[in-house]
Amino acid sequence: MKTLWTNGTIYTMEKEGETVEAVLVEGTKIIDCGSKEWIEEHHDIDEVQDLQGAVMYPGFVDSHLHMIGHGEKLLRLDLSDIHSAEEMRKVLKEKVYSTPLEEWIIGEGWNENNFLDRKIFHRIELDEIAPHHPMMLTRICRHALLANSKALAMAGITKETPDPPGGVIVRDSNGSPTGYLLDKAQDLVKNAIPQVTEEYLHRALRTSVEDLTKHGLVGGHSEDLNYYGGFRRTYQTFLDVINNDRLKFKANLLVHHEVVEDMHEEGYQFGSTNGYVELGAMKIFADGALGGRTAYLSKPYNDMPETYGVAIHTLTELKELVKKARRYNMPVAIHTIGDLALEFALYAVEENPPPEGLRDRFVHGQVVRPDLIERLRKVPVIIDIQPHFVASDFPWVIERLGEERMQYSFAWKTLLEEGIPCASGSDAPIETADPLSTIHAAVLRKKQGDEHEGYFPEQKLTVFEAVELYTKGSAYAIGKENETGVIQKGYSADFTILEEDLFQIDPEKIPEVKVVMTVVDNAIVYEA
């Protein structure tokens, strides 16, 4: 069956400004594109999809998110839009009152940088709010959490508990835990929470996919497989929901290094594909995040000179993990926010390059240096950037890093100009999954509605560059630049169809543009 898409503006994204009148699809592939008249003369057409003046782009793909976590955020207590400690206290109390005794209170996304007083709750304050419930509140960056005394007790955390490798149990002047846990120390509490049910996992992932397609996304590169009961259980959730529930969504799943053996024992390997689910690179965390001052820097934090952040692994350990990936013929995706974490990652991949034809990924790349940029140009690596962090993290991030480091921090334009390939994602649930909000942040480098010229405006991307990161960039990140990411013959029939032309409207209006349709393999998975 041949379907003709026409009567709208169709951007190929092959070159800036390039459009075609019509696209012809057979099965799941584009078989022709160009003049409507020419296609009608040379092909039999079974069906016409009338765009009715809408604007078609290659399907947007989020290059880095946590799909089940995104669904959880939509289902759980969302603290990300709270702007004062008093408001947070009020919301938590309301949740406690409506929750049966002894059940866990779990909240997502608090951010003290949104509070005037920058308050971080102490466990004793949380005890006053929830004396009979264990409570765990995950920070917006997911590299820190707060726990009350009941949760700490269930996790076995006492004054005598040592900091785990790659983590910090924040303590008061007497050495007692405050309830604030950083990076790997979070696992002590998370492991004490009863395992969620399979029904819950299915519901969270269904909720996530339905929301992502409403935002115009046809796929995403997601990291979930080391959580929720391990590889088999979590992977099966993806197979059940995306394949069996007929929710078409192209998921490339990063495989955390702690479950790589499990993946192979189950008979899978890098690139294994089952329906719409593909297994991708091996994920490694090199450091934490700037918000909790756990991103690993080469110089101390400007606003806390006693710390450089947290290295999740020593350099030797990181090199061994990369070697492990190479033994399995896998590329790596290394979380690197601080410049010293990036330097460690570079040493590791320079000594252990990926197999021929594959490329590694450095996730975030928020703080770089000129010498690191030179090294990045010489290795087969792509940087997964999250432009929305500029809208969320500024101006407080300047306090963390100081003006001197800002020239090469969140420096997306510099990376592109230096020829370093990038892809764009949201890191949802940490940031909004809406690609239009992310494109707005990349182009204007400010929150919607702010009246200033943008934070470090020399790093602004053009709209074409920002859209390109969600199309060609995401395809390049997984080695599929010859299969998807542009509209041309032989490519997948994945389309994001919007009400307005992103390249013609005022960039301030980009987040307000409505998604008309999301199309995966020529199937409409969302229609307004």
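Residues numbered from 1 in each chain as written. Predicted model: local features only at pLDDT ≥ 70, side-chain atom pairs only at ≥ 80, totals over all residues. Heavy atoms only, no water.

## Quick word on the environment of T471
Inference 1: For T471, the position within the fold is in helix α18 (residues 463-477).
Inference 2: Taking the C-alpha atoms as reference, T471 lies 10.0 Å from I487; in sequence the two are 16 residues apart.
Inference 3: Beyond its immediate chain neighbours, meaning those up to four positions away, T471 contacts M13, P58, G59, F60 and G485. (Helix = DSSP H or I, 4+ residues; strand = E, 2+ residues; numbered from the N terminus. Contact = heavy atoms within 4.5 Å.)

## Some thoughts on the side chain of R139
Inference 1: Among the secondary structure elements, R139 is positioned in strand β9 (residues 135-139).
Inference 2: Side chain to side chain, R139 and N111 meet in a polar contact 3.2 Å long.
Inference 3: Excluding residues within four positions of it along the chain, R139 makes contact with G109, W110, N111, E112, N113, A144, L145, Y180, G291 and G292. (Polar contact = N/O pair within 3.5 Å; in protein donor to acceptor, adjacent residues only side chain to side chain.)

## Details of the pairing of strand β6 (residues 60-65)
Inference 1: The buried fraction of β6 amounts to 6 of the 6 residues, a majority that puts the element mostly inside the structure.
Inference 2: By the bridge criterion, 4 bridges tie β6 to strand β13 (residues 217-223) in an arrangement that is parallel. Of the residues in β13, the one forming a bridge with V61 is G219. (Buried < 20%, exposed > 50% of the residue type's maximum accessible area, 1.4 Å probe, protein only. Pairing = 2+ DSSP bridges.)

## Topic: the nonpolar core
Inference 1: M67, L290, F362, I439 and L502 are the most contacted members of the largest nonpolar core, which has 110 residues in total.
Inference 2: Among the elements that line this core, the one with the most residues is helix α11 (residues 339-351), at 8 residues.
Inference 3: Look past the residues within four positions of F362 in its chain and what remains in contact with it is I334, T336, L342, A345, L346, V349, L376, V381, I382, I383 and D384.
Inference 4: If you look at the next biggest cluster of nonpolar residues, it comprises 20 residues, including I82, A85, I105 and I129. (Core = buried A, V, L, I, M, F, W, Y, C linked by side-chain atoms within 4.5 Å.)

## Some remarks on the sheet that holds strand β12 (residues 177-183)
Inference 1: Strands sit in the order β7-β8-β9-β10-β12-β11 across an open sheet of 6 strands; the sheet is mixed. For this open sheet the edge positions go to β7 (77-78) and β11 (167-171), each flanked by a neighbour on one side alone.
Inference 2: When strand β8 (residues 105-110) meets β9, the two strands line up parallel, connected through 5 bridges. Bridge pairing in β9 places G107 opposite L137.
Inference 3: Together, β7, β8 and β9 form the strand contacts of helix α3 (residues 85-97), whose direction differs from that of β9 by roughly 140 degrees. (Axes fitted to C-alpha atoms, helices over the stretch in contact; angles between N-to-C directions.)

## A word on the packing of aromatic side chains
Inference 1: Tallied over the entire structure, the rule returns 17 aromatic pairs.
Inference 2: Measuring from centroid to centroid gives 6.2 Å for Y227 and Y228, while their planes differ by 85 degrees, and the two rings are edge-to-face.
Inference 3: The class of Y227 is partly exposed, set by a relative accessible area of 30%.
Inference 4: Judged by its relative accessible area of 16%, Y228 falls in the buried class.
Inference 5: Here F231 and Y235 contribute two aromatic rings whose centre-to-centre distance is 5.2 Å and whose plane-to-plane angle is 15 degrees, an arrangement assigned as stacked. In this pair, F231 and Y235 are both assigned in helix α8 (residues 231-244), 4 residues apart and thus about one turn of the helix distant.
Inference 6: Aromatic ring contacts, followed pair by pair, group Y11, Y57, F60, F464, Y470 and F503 into a single cluster.
Inference 7: Across the ring face of W110, the terminal group of R139 is positioned such that the distance to the ring centre comes to 6.0 Å.
Inference 8: Geometry around Y476 places R359 over its ring, the cationic atom sitting 3.5 Å from the centre. (Phe/Tyr/Trp six-rings, centres within 6.5 Å; stacked < 30°, edge-to-face > 60°. Lys NZ or Arg CZ within 6 Å of the ring centre and 35° of its normal.)

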